[in-house]
Protein chains: 2
Amino acid sequence: MANILLLIALITGVISILAAIYFTVIVMRKDRGNEKMIEVSGYIETGAKSFLKVQYLVLGIFILVLFLVILLFLPSAMTGHEVPVLAGTLNWQQAVAYLVGSLASMFAGWLGLIVGVKTNTRAAQGVTKGIKEGFDIAFFGGSVMGLAVVGVALIGVGGIYWIFAGNNPDAEALQFATQIVLGFSFGASGIALFMKCGGGIYTKTADVGADLVGKAEYDLPEDDVRNPATIADNVGDNVGDIAGMGSDLLDSYVASIVAAMILGTTVLAAAGVRPDFVILPILLSAAGLIASLIGIFLIKYFGGDNPGKSLNMGTYISTAIFAGLAAVIVAIMVSQIPESLTGSEIKVATWKYWKDYIAVVLGLLSGVVIGWTSDYYTREDKKPTREIAHSAEEGHAVVILSGFAYGLQSVVLPAVGIIVAMSVSFILDGVFGVAMAAVGMLAIVGTIVSNDAYGPIVDNSRAIAEQGGLGEDIIRKADALDSAGNTAKAITKGFAIGAANLAVLALLFSFVQEAGIAVIDLLNVKVLIGAFVGVVVPALFSALLILSVQRNAAKMVLEIRRQFEEEPGILEGKVPADFNRTIEIATKGALRELVLPSVISIVIPLIVGIFFGVAALGAFLAGAILSGFVFAIFMSNAGGSWDNAKKWIEDGNLGGKGTDTHHAAITGDTVGDPFKDTAGPSINTLLVVMSLTASIFMGLLSKINSGEGVLSDTLFKLEGIANEWVWLVVVILVGAAALGICIWIVVKFARNSKVMQKLLKKE
Amino acid sequence: MANILLLIALITGVISILAAIYFTVIVMRKDRGNEKMIEVSGYIETGAKSFLKVQYLVLGIFILVLFLVILLFLPSAMTGHEVPVLAGTLNWQQAVAYLVGSLASMFAGWLGLIVGVKTNTRAAQGVTKGIKEGFDIAFFGGSVMGLAVVGVALIGVGGIYWIFAGNNPDAEALQFATQIVLGFSFGASGIALFMKCGGGIYTKTADVGADLVGKAEYDLPEDDVRNPATIADNVGDNVGDIAGMGSDLLDSYVASIVAAMILGTTVLAAAGVRPDFVILPILLSAAGLIASLIGIFLIKYFGGDNPGKSLNMGTYISTAIFAGLAAVIVAIMVSQIPESLTGSEIKVATWKYWKDYIAVVLGLLSGVVIGWTSDYYTREDKKPTREIAHSAEEGHAVVILSGFAYGLQSVVLPAVGIIVAMSVSFILDGVFGVAMAAVGMLAIVGTIVSNDAYGPIVDNSRAIAEQGGLGEDIIRKADALDSAGNTAKAITKGFAIGAANLAVLALLFSFVQEAGIAVIDLLNVKVLIGAFVGVVVPALFSALLILSVQRNAAKMVLEIRRQFEEEPGILEGKVPADFNRTIEIATKGALRELVLPSVISIVIPLIVGIFFGVAALGAFLAGAILSGFVFAIFMSNAGGSWDNAKKWIEDGNLGGKGTDTHHAAITGDTVGDPFKDTAGPSINTLLVVMSLTASIFMGLLSKINSGEGVLSDTLFKLEGIANEWVWLVVVILVGAAALGICIWIVVKFARNSKVMQKLLKKE
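All values derive from a computational prediction rather than experimental measurement.

Participant: For this particular structure, what's the right way to read empty space enclosed by the protein?
Facilitator: Any empty space left between atoms is shown by rolling a water-sized probe over those atoms. All names here are of chain A. A full pass over the atoms with the stated rule returns 17 cavities of 30 Å³ or more. The volume enclosed by the largest cavity comes to roughly 110 Å³. As for the largest cavity, its lining consists of 13 residues, of which N312, T315, Y316, I448 and I491 are closest to the centre. Elements supplying a minimum of two residues to the lining of the largest cavity: helix 9 (307-335), helix 10 (343-378), helix 14 (445-467) and helix 15 (472-515).

Take a look at the structure:
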């Protein structure tokens, strides 16, 4: 029966891909609108394709290198836990799974993005026939990404399990299978990091650049085709919110499933029904997919005149259906508990299933709660955003301060949400319960990604409607579609952060279990150091991404100014702007700037693991998860709130457009752009990649000094060393180093203060 | 011999107070300048006094409440570890020590602040006789605070030890003594929290208010006497940087000593020379005081024409003298190792002393390194500040983004510094080594506080010189003194954060040891929750302080506008502005706004301890220390950098004053003000108070479920409970709660989306 369910799950994955293709066909058959619309949409499509081409080319090299590392150097269950290249073997199963995971993620990103950029003009044309027609087209176009993501994930995870453990679910086969799924997950995450950081940098480079010159210096309206960065801006919306968000949620999704599977293999050995618990996450995810599919189809019947309501109702319907389907699955699993067990064993197993079910529902609900708090803190009709808008009346600085403060404050409620979900699900069924909560939260990811991908499509539709000259009425309708997208986006963003957080917590537990770490003791200084580094990394990562956007936007600004100056015809609308140059700047810059953050996310966990050992690496992950959560929520909500405060003012409040208040609000929005669309959401992916890096490299790291790392515990207990000479050497070395630093500092300062003195005298 | 050294330490403390009084007398004999100067200085003095009066009044209630709590409810070694009120006893020793600590801190703050505000006009008049005379007066005036801080700390800690363990240094007496010192330290910290948060809110309320109306709306120059908030602004400088910074460093200083003493009592039991290790921190601190005193006197002989150089040279001289004196003390202690020990025991003890010496020196050096990195990130001639200044050319938003990013980046190097200091000193002598590094870092706190208190004095001098009409030449000289103060401030601020961080790490270790916590295991979900809450608290605390400043500054803005509108004579310089009203707003606002942050810092640790137990409380502290470090460094450095970028532009670079670039830089500076002067530095105090709260209440918390907290470990292992009915109840409760939340959310959303729909239709 379990096998039949698994087969159904696999088939569901295939159906999802087929549904994605079906929606693609439906959307493609729609009318593309007038010539101008086709032209503009063509520019966006070309830009998106060139982004994908360049990204995927570089990703190819990245994937190849990691493929070889996994193949040759990583010990795992498949290599008898020997370093492959030394033992004359190859870790090919995991390496191939890594490759497949990468390709699957690339496929989903490609399909979703391409369909997204082809949908916008069709949705714009659809609006001319009615707001419902436009909504349907845009939503179906967005659903392609959502369904593709869930489809490839389920096929990948389910297929790997089927191949390696389907017919022979003994302990060894299960461990094999989960290790290989880990490879698949790592592949999906690597791509997500590139797509999310790259997409985030791309979209804000274009957006900030377009705003700074076009809007501020030349007073061009939003989406004006004379602005050379307009197309890049539109491409960026798709790249960031379709490809980026999709691959981000794909990696959380797969990570939550794999973490639950790993924890399922061993924690539950006692229950005597092991394989069923390992496939439970897969089955529940399939249930979530079915719920999402039904939700997507039902949305058609919930008044498309109310696009915002439709999207949210879709989410609630999916949630409810999923809760029901999950109960059915659990009931089936319970009915399958072997009768050969003793009465009390059966009782334990039955309870276990139902406790996991509650954990799943709890995860789902806490996802909604977190989404709701994001919504509260970023809604224009709620206190925080209102206050931020009012503080704009006191100038640029005050609007920044209040956005910053409310952003920080907004961390508290989601933290409580995660803490409650984590502790109750732990009380219910230990670490497996936490993993199941993550699975539950991510089960309806198909709906979430669909809603999110809808956003950039209608945003672009509005632009195309404007540039295609469809008239005020149509633009107003397109606006309504767009604003529904923004509402949905606030919820999905909070949801994505919460989900990623629970998923990496589950990954942390699974890492710890696989590494056989009994305790992560903060009183061990090495562990404390690990936690310290972990806490600092999200801050550094955010800093690097923000600086990247800033550097890249500066180049964009120069290019836009150059075009306006060298060819005055552009501003007069006589000569078309050179969109290819701005697209090139955004694309190349995104690529160049994401190298350092990517390297950090893989290298720093390895350094901590190599030097301080696996327990410190666990603490590193915990520190990064907690501080990453704070930074991610803070930056997303502050950014969202600034954005909506500005929009509220633009709607005519507090004096409306063009006032000083409006200018101050624009400053807030511009600061918030890289917060909410680059740095904040990329932290999710950072956390997942770092956690998976730890898991994947765990075999190798546990070989270094038995997992203690290069700086072995003995070093931290030198008192135990009998030979006093060791001590003398240490003391002399430390003393010499200290003296050196001291001299260096004095020299440095003396020089500086001389320089300073000269400067003072000059004046 | 040890007793003689202790007596010397006590005498040093008294000498320090005497020196402070001597300097006070020297400064008071100086000429107060012309009538106008005396008048302005009088306003500032009155303002400062009224701040102290109001603060101390409220502090009185706060102290009384905590005094009673300690007296009646806290079990400690003195009450046989019984809850006093239940056991019919009183915890009077610790309670009295708490009172003494509070009063000592209040005395130091009062003396320092009053002398500071009396020094400014004398220093201004001194400048007319030469830059050296002005520097000497200002520096001596600032030294009063530095010496008072160190003096009261040494007398308090040394005296308590002398009374309770001086003649009878057995294990029990030592533990008694350290517990009472803990009370003293808690008293000093409570005051620090009020002074630091209150001072921080006060100073920025006045500063931001004065800038927003005076400078921006009415184009008045800085320090213009027509601006009603000018005096409040000047008072604020003293309140924030003399009283606030002084009490902040006092509490880190005492905390580092008490942590080392507590760790000394038990860790070193094996060495057979216990009492000597317990007093070692006191003796080293006395050595630091002597070094600071010599440094202060020597500064007279280092060309006062070079004020910046003089201040820094003072720091280096003190550092070097302290390193030498500490070696002498350690050598004496080594010579006192009882000969009754065996050869190998003597060897171990000897090494132990020298290893601790190295830890001390290392702490001292890492303090300087951290100070130096702050300097680098905030200096106008270094890359970060230059880039921030250049980014001002691209507008308000970009200057904020780059300051934010560089601020976050600036966390990395100090983190490495702390990690190196912590791990090497741990390798040297375990947790006691870490505590000794903290003691070493804080040993020269006398010099650091003196340098810091110099800042606001010369800042005010400049203002008084301007308002007293002393002429361009004198103002230029006063400017040179002021700019030296700013340079010194960057270093002392980084130093204060690093020192507080090491001190709270040592406190964490001492808390853990006293509570008998064997491990703080992050894999225990309760511990993980503790760490989670800990990581979030500094973010929340910062948010509250920033919002406080903003709210309060808004009131100040209204008052200033009101005065200008109701009495046009003020702007014409005919009618004096009503300084009392603005001072009242700043004072009352500071008081009102610091209630919530203070409550948080005491209540949240207690909640974590009560519900999740002492191990989770340990993790809470660790989480708060790590995330607090990130936020403190980030906000201080970002703020400093924005400030100096603005100054650099005002010096005529990038177009100079009045340009758009300058306006953008002012935005950065205004955002940075509460970052660097309110939220950032208050985090130090928050961490110390929370750590001490944990230590002081530890006895009570370990009574709750044997230290496991209300949510006992059993709850988190419900599987172990035999009765299935318990389970059924849990499942039903959770299920019902989940359902309730679900319904509530759906209703909430449905209502909201209806509202939204109506709004949409209206348009």
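Participant: Please clarify how unusual backbone geometry should be interpreted in this entry.
Facilitator: Comment: phi is negative for the bulk of residues other than glycine, and the bulk of peptide bonds are trans. All names here are of chain A. Of note, L654 is a non-glycine position whose phi angle comes to about 50 degrees, a positive value. Secondary-structure assignment places L654 in the loop between helix 20 (614-650) and helix 21 (660-701). When its relative accessible area of 22% is taken as the criterion, L654 is described as partly exposed.

Participant: What am I meant to see in the environment of N684(A) here?
Facilitator: All names here are of chain A. Residue placement: N684 occurs in helix 21. Residue classification places N684 among the buried residues on the basis of a relative accessible area of 3%. When the C-alpha positions of N684 and I44 are compared, they lie 28 Å apart, and in sequence the two are 640 residues distant. When neighbours within four sequence positions are excluded, N684 is seen to be in contact with D248, A496, I497 and A500. Among the polar contacts listed, one links the side chain of N684 to the side chain of D248, at a separation of 3.3 Å.

Participant: Hey, could you run me through the packing of aromatic side chains in this one?
Facilitator: Aromatic ring pairs: the centre-centre distance and the angle between the two ring planes describe each pair. Summed over the entire model, instances satisfying the criterion amount to 46 aromatic pairs over all chains. Their ring planes at 10 degrees and their centres at 4.4 Å tell us that F277(A) and Y353(A) sit as a pair that is stacked. In this pair, F277(A) is assigned in helix 8 (residues 274-299) and Y353(A) in helix 10, connecting sequence segments 76 residues apart. The two residues F277(A) and Y353(A) agree in class, both being buried. With 5.6 Å between their ring centres and 85 degrees between their planes, W354(A) and Y357(A) make a pair best called edge-to-face. With W354(A) and Y357(A) both in helix 10 and 3 residues apart, this pair spans about one turn of that helix. Given a relative accessible area of 16%, Y357(A) falls into the buried group. By the ring-pair criterion, three or more aromatic residues cluster together here, those being F404(A), F634(A), W642(A), F675(A), F404(B), F634(B), W642(B) and F675(B).

Criteria and cut-off values
Residues numbered from 1 in each chain as written. Chains lettered and ligands numbered in written order. Predicted model: local features only at pLDDT ≥ 70, side-chain atom pairs only at ≥ 80, totals over all residues. Heavy atoms only, no water. 1 Å grid on protein atoms, 1.4 Å probe; cavity = no way out; pocket = protein on both sides within 12 Å on 5 of 7 lines; lining within 4 Å. Points joined across faces, edges and corners; volume = space filled by probe spheres on them. Helix = DSSP H or I, 4+ residues; strand = E, 2+ residues; numbered from the N terminus. Buried < 20%, exposed > 50% of the residue type's maximum accessible area, 1.4 Å probe, protein only. Contact = heavy atoms within 4.5 Å. Polar contact = N/O pair within 3.5 Å; in protein donor to acceptor, adjacent residues only side chain to side chain. Phe/Tyr/Trp six-rings, centres within 6.5 Å; stacked < 30°, edge-to-face > 60°.

Geometric values such as these leave the question of function open.
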